[in-house]
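Now for the letters of each chain:
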Amino acid sequence: MTTSIHAETLTLPASRLGQPSNVPRFRWQQPIPDNETPPHFGLSADESSHGFQWGKDSILPYQVSDDYDRDLKPGTLEVLVIENARLRAVVAPTLGGRLLELKDLSTGRDLVFSNPVLQPANLAALNAWFSGGIEWNGLIPGHTPFTCAPVFAGVRETSRGPVLRLYEFDRIVEATWQIDLFLPEDSDVLFAHGRIVNPSDTARLAYWWTNVAVPMTPGTRVLSPADYSIEHIWPGNNLGRCDFPREDWDASYPQNWENATSVFFRAPSAPRLFIASIDRHGYGLAQCSTREMPGRKFFYFGSGAGGQNWMDYLSRPGEGNYLEIQSGMTPTQNQRFELAAHEEREWTEAFMPLQLDATAHDPDYRAATAHAANAIELAIPAHELAQVHAFLAEQARLPLDVRHSAGERWGAREERLIGKPLAAGLDFSVDGANDFWDDLASGAAIAASNLRDMPVGVALSPRWIERIKANAPTWVGELTLATAALDRNDRQAASEHVAQSLALKPSWAAHRIEALLATTPVDASSSYLRAWNASDAPPELAVEIAQYFVTMRLSGELKAFVDGLPAHIRSNERIILARAAVAANDGDFDELERLLFDRPFATIREGETLLSDLWVRLRRGRIEAQLKRPASVDEVKADLKAHPVPRALNLRMHAIDET
């Protein structure tokens, strides 16, 4: 059977996807907690270069995707399928190009974890993320901003068979990325050729990790060359160098880890890097790549209650167990890499089924790894991978023969802005009526019709800012300049621009920036309420206002604000959680308990302990009401042992003292 690529409609139970909010999130309002990067222990310069601080970098100009819930309903998804007689791969262009299924047709088994549902949760830089398959994580940390967004996809016909291409333009790094999937005729090896192009005259810091979700069953083992490992060390979540393999216990079996964990395998001198996940019978998936990818790791949510709950939370109870094996452009995921001016960075990965004998579970980890290395070399010799890499590198710069889906319009706008194509072979054209940003990109005067309403999205790069300043002042332009100034914390400039925007045309967005710039809670509250009372204020703004009142411990203002909201907004889960926090602060434990069990909450952030923290406060309040005095630590511990955090509220990634 020759290789074919065709479109299909996939039917699956699905919730609403995370739709983009049109409320820009600023540097100090990230969905990722604003934490300093912990110090590291024993890492080399290569293993610690270009480190970043989670939450310090702005996600603008992207906006969060948070419009989803846990109300699963049957749905359909348009996908592209690449298959031959031995493998079948299913790709979702509307979900960042995620590879949802990779089936070994000789066994009928999925090599990747194929999630039976599509349930977003708050695990990505832009909030919505879902588990399963193979995801292409670039060019910013924290899962791709295209996780729940459409990307460009199409097919290029070649003399060796068709290539399925996925690509987009990243607006933070201002570079393009593409993945070309190639499945040779009668082969059980799927190749993925990656290419990142920096069209700029200046260097950029970029990021790339390919994340493969694989089935997790009792006895699953991960094999990858390792002289040592780098792991997160608690307390403090520090990255540190560790022995691998261990002398006292076998860390290559993820089930042996109680807490959520990341293990970065380090073997700088290994002749060939790979990673494989195999079950107790020695069967599973292997990944190898060209030398441009030095990073390998596995991630597991852990065998503890919180981690197991997370996997069910992302799927259906009892059907969500999975493990992540990953490969990246840096030794660890706390790093970026430098992309020189006009550089084109390329690599090729290979994914294949692997069947090993009993040696796969040899107590001698290095013997097991050597056995896997031999099997991978037989499946795809290094020289053959190099040949495929060279072939795909030639094809990567050539245009598609047919395009099946389109992404956002920002790539085409950027090309008009800079006056040249972003990358050879990539077509970013998208049909549609021009808006404010299209007028601006073309250097034309802004049409009056494009100034009536807020445009969708925001652009803040230096080129866009220069173009705005060169144009006649408009309320949207001044609002954009205020947004850019506030995001870089130039509060004086932001104040001046927002005042000019309001003078040209009052808007909810300008009053909201006024609130963020306010120096007192009274002024902030007043501006927030003006923003909310504007005719076109989005529902997401109500969530931000409620959370502000909680942060400032303004219980009365929160209650008055929430009471005045329409029912469909008042029932937003983040507003309910804000009310729960106020109930805890006010000692209204009956109300707190009612709100905690109001619904299954969908947008709890990975690492966020709000639900379990509120349960601890509830239990402390209950026993102190009985004792009629403050409870001791031992008394709280005893009560929590008798009344542990309910499963629905326990999404802790690590077991900690809950008192």
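### Some words on the overall build of the protein chain
Point 1. The helix and strand tally for the protein chain stands at 18 helices and 26 strands.
Point 2. Scaling as 2.2 N^0.38, a compact globule of 659 residues should have a C-alpha radius of gyration of about 26 Å, and the protein chain matches this with 26 Å.
Point 3. Relative to its full complement of 659 residues, the protein chain shows a buried share of 59%.
Point 4. Partitioning the intrachain contacts of the protein chain with sequence separation of at least 6 by distance along the chain shows that 71% fall at a separation of at least 24.
Point 5. Carbon and sulfur atoms form 52% of the exposed surface of the protein chain, whose accessible area is close to 25,900 Å².
Point 6. Separation of charge centres in the protein chain, based on 63 positive and 86 negative side chains, amounts to 3 Å.

### Focus: the packing of helix α8 (residues 475–487) against helix α9 (residues 491–504)
Point 1. In contact at an axis separation of 8 Å, α8 and α9 are set at 160° when each is read in the N-to-C sense. By the criterion of interaxial angle, the relationship of α8 to α9 is roughly antiparallel. At the point where α8 passes α9, the crossing takes the left-handed sense. Contacts between α8 and α9 involve W475, E478, L479, L481, A482, A485 and L486 from the former and R491, A493, A494, H497, V498, Q500, S501 and L504 from the latter.
Point 2. Of the residues that constitute the contact of α8 with α9, the class distribution is ten nonpolar, three polar and two charged.

### Overview of unusual backbone geometry
Point 1. With omega at 15°, the peptide bond leading from L60 into P61 counts as cis.
Point 2. Here P61 lies in the loop between α1 (45–48) and β3 (73–83).
Point 3. Between F244 and P245 the backbone carries a cis peptide bond, its omega angle lying at 0°.
Point 4. For D186, which is not glycine, the phi torsion reads 60° and is therefore positive.
Point 5. When you line up the elements, D186 lands in the loop between β12 (175–182) and β13 (190–197).
Point 6. Residue K628 is not a glycine yet carries a positive backbone phi of 60°.

### Notes on helix α13 (residues 555–563)
The α-helix advances 3.6 residues per turn, and as a result positions three or four apart in sequence lie on the same side.
Point 1. Burial in α13 covers these residues: S555, L558, F561 and V562. Viewed along the axis of α13, the buried residues span an arc of 130°, placing them on a single side of the element. Facing away from the buried surface of α13 by more than 90 degrees, the exposed residues are A560 and D563.
Point 2. Its buried side turned inward, α13 meets α11 (521–533), α12 (539–551), α14 (567–570) and α15 (573–586).

### Remarks on the side chain of R512
Point 1. Here R512 shows up in helix α10 (residues 508–517).
Point 2. Its relative accessible area of 1% is what places R512 among the buried residues.
Point 3. Side chain to side chain, R512 and E544 meet in a polar contact 2.7 Å long.

### Brief notes about the nonpolar core
Point 1. Counting residues in each nonpolar core, the largest one holds 122 residues, and the members touching the most others are L102, L181 and W208.
Point 2. Here this core gets six residues from one element, more than from any other, and that element is helix α17 (residues 610–627).
Point 3. Membership of the second largest hydrophobic core comes to 68 residues, among which are W437, A515, L516 and L558.

### Let's talk about helix α2 (residues 305–313)
Point 1. Buried residues dominate α2, accounting for seven of its nine residues.
Point 2. Among all positions of α2, only G306, G307, N309, W310, M311, D312 and Y313 are buried.
Point 3. Buried-residue contacts for α2 involve β7 (121–124), β22 (295–300) and β23 (322–328).

### Considerations on the pattern of salt bridges
Point 1. Taken as a whole and assessed by the stated rule, the structure comprises 40 salt bridges.
Point 2. The partner of D598 in a salt bridge is R599, and the shortest N-O contact between them spans 2.7 Å.
Point 3. A single network of salt bridges, built from pairs that share partners, joins R409, R413, R416, D435 and D438.

### A closer look at the packing of aromatic side chains
Any pair of aromatic rings gets described here by the distance separating the centres and the angle formed by the planes.
Point 1. Applying the stated criterion across every chain yields a total of 29 aromatic pairs.
Point 2. With a centroid separation of 5.4 Å and an interplanar angle of 5°, the aromatic rings of F113 and Y322 are classed as stacked. Of the two residues, F113 sits in the loop between β6 (109–110) and β7 while Y322 sits in strand β23, which places them 209 residues apart along the sequence. Y322 shares its class with F113; the two are buried.
Point 3. Here the guanidinium or amino end of R98 rests over the ring plane of F130, the centre of that ring lying 3.9 Å away.
Point 4. Over the aromatic face of W410 sits the side chain of R171, whose NZ or CZ is 3.8 Å from the ring centroid.

### Some details on empty space enclosed by the protein
Point 1. Going through the model one piece at a time under the given rule, you end up with three cavities of 30 Å³ or more.
Point 2. Reported here for the largest cavity is a volume of approximately 150 Å³.
Point 3. Lining of the largest cavity is provided by 16 residues; of these, P24, M454, V458, L479 and T483 occupy positions nearest its centre.
Point 4. Elements represented by at least two residues in the lining of the largest cavity include exactly α8 and α10.
Point 5. Of the residues in the lining of the largest cavity, the class split is ten nonpolar, five polar and one charged.

### A look at the pairing of strand β18 (residues 238–242)
Point 1. In terms of residue burial, β18 counts as a mostly covered element, since four of its five residues are buried.
Point 2. With five bridges connecting them, strand β17 (residues 228–233) and β18 associate as antiparallel partners. Of the residues in β18, the one forming a bridge with H232 is L239.

### What to know about the packing of α8 against α10
If you want to describe how two helices pack, look at the angle between their axes and the distance between the axes.
Point 1. At a closest axis distance of 10 Å, the pairing of α8 and α10 adopts a crossing angle of 25°. Taken together, α8 and α10 sit at an angle that is classed as roughly parallel. Seen from above, α8 lies across α10 with left-handed handedness. In this structure, α8 contributes L479, A482, T483 and L486 to the contact, and α10 contributes A509, A510, I513, L516 and L517.
Point 2. A class-by-class count of the residues in the contact of α8 with α10 yields eight nonpolar, one polar and no charged.

### Some points on the sheet that holds strand β26 (residues 402–405)
Consider a sheet: its strands pair through backbone hydrogen bonds, and that pairing is either parallel or antiparallel.
Point 1. A sheet is described by the order of its strands in space; here nine strands give the open sequence β16-β20-β21-β25-β13-β12-β11-β10-β26, paired in antiparallel fashion. Each end of this open sheet is capped by a strand with a single partner; those strands are β16 (221–223) and β26. Geometrically, the sheet is characterised by an average inter-axis angle of 20° between neighbouring strands, direction not taken into account.
Point 2. Note that β13 and strand β25 (residues 344–355) share eight bridges and pair antiparallel. Across the sheet, residue I196 finds its bridge partner in β25, namely R345.
Point 3. Sheet strands touched by helix α4 (residues 382–395): β10 (152–158), β11 (161–170), β12, β13, β21 (283–289) and β25. Its angle to β25, the strand with the most contacts, is close to 135°.

The rules we used
- Residues numbered from 1 in each chain as written.
- Predicted model: local features only at pLDDT ≥ 70, side-chain atom pairs only at ≥ 80, totals over all residues.
- Heavy atoms only, no water.
- Helix = DSSP H or I, 4+ residues; strand = E, 2+ residues; numbered from the N terminus.
- Rg over C-alpha atoms; globule rule 2.2 N^0.38 Å.
- Buried < 20%, exposed > 50% of the residue type's maximum accessible area, 1.4 Å probe, protein only.
- Contact = heavy atoms within 4.5 Å.
- Areas by Shrake-Rupley, 256 points an atom, 1.4 Å probe, with all protein chains shown as cover.
- Lys, Arg positive; Asp, Glu negative; His and termini not counted.
- Charge placed at Lys NZ, Arg CZ, Asp CG, Glu CD.
- Axes fitted to C-alpha atoms, helices over the stretch in contact; angles between N-to-C directions.
- Parallel < 35°, antiparallel > 145°, perpendicular 65-115°, else oblique.
- Left-handed = near helix turned anticlockwise from the far one by under 90°.
- Nonpolar A, V, L, I, M, F, W, Y, C, P; charged D, E, K, R; others polar.
- Arc of directions from axis to C-beta.
- Polar contact = N/O pair within 3.5 Å; in protein donor to acceptor, adjacent residues only side chain to side chain.
- Core = buried A, V, L, I, M, F, W, Y, C linked by side-chain atoms within 4.5 Å.
- Salt bridge = Lys/Arg side-chain N within 4 Å of Asp/Glu carboxyl O.
- Phe/Tyr/Trp six-rings, centres within 6.5 Å; stacked < 30°, edge-to-face > 60°.
- Lys NZ or Arg CZ within 6 Å of the ring centre and 35° of its normal.
- 1 Å grid on protein atoms, 1.4 Å probe; cavity = no way out; pocket = protein on both sides within 12 Å on 5 of 7 lines; lining within 4 Å.
- Points joined across faces, edges and corners; volume = space filled by probe spheres on them.
- Pairing = 2+ DSSP bridges.

This is a description of form; function is not addressed.
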